[in-house]
Amino acid sequence: GLCPSVIALQATPSDIELLLLRSIEWTTFEDGSYDTALGHATVILRYFLGARRVPLAKNLVEMLPRELASIDQPEERATEYLHYRR
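Here the structure is a predicted model, which is why all the values come from computation and not from measurement.

Enquirer: Which parts of the structure should I look at to understand the packing of aromatic side chains?
Expert: Aromatic ring pairs: the centre-centre distance and the angle between the two ring planes describe each pair. All told, the structure shown has one aromatic pair when counted by the stated rule. With centroids separated by 5.9 Å and ring planes inclined at 55°, the aromatic side chains of Tyr-47 and Phe-48 adopt a geometry described as tilted. Of the residues examined, Tyr-47 reaches a relative accessible area of 43% and is grouped as partly exposed.

Enquirer: It is not clear to me how the side chain of Thr-27 should be interpreted in this structure. Could you clarify?
Expert: Tracing the backbone through its elements, the reader meets Thr-27 in the loop between helix H1 (15–23) and helix H2 (34–50). Residue Thr-27 is classed as buried on the basis of its relative accessible area of 12%. Here Ile-24 takes part through its backbone oxygen, which lies 2.9 Å from a polar atom of the side chain of Thr-27. Excluding anything up to four places from it in sequence, Thr-27 contacts Ser-33, Tyr-34, Thr-36, Ala-37 and His-40.

Parameters and conventions
- Residues numbered from 1 in each chain as written.
- Predicted model: local features only at pLDDT ≥ 70, side-chain atom pairs only at ≥ 80, totals over all residues.
- Heavy atoms only, no water.
- Phe/Tyr/Trp six-rings, centres within 6.5 Å; stacked < 30°, edge-to-face > 60°.
- Buried < 20%, exposed > 50% of the residue type's maximum accessible area, 1.4 Å probe, protein only.
- Helix = DSSP H or I, 4+ residues; strand = E, 2+ residues; numbered from the N terminus.
- Polar contact = N/O pair within 3.5 Å; in protein donor to acceptor, adjacent residues only side chain to side chain.
- Contact = heavy atoms within 4.5 Å.

This is the structure we're talking about:
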């Protein structure tokens, strides 16, 4: 049979999840902090995806500046982020 959807019937985001989602805004306020934003975003994305909170991960990716995709160092983190953007 079909596998259950991890997106369907998601619980309302907890206060902690909303805090994580909103916390990235502080690191995307200025271009000079985009390196920090990239690092924090990948950690938060991993957490959301590991917790099967796909809609929250999608919201995070959509709120991040597109310029983060142009950061190429450190290579592992940049590559990971580019995969999330797909």
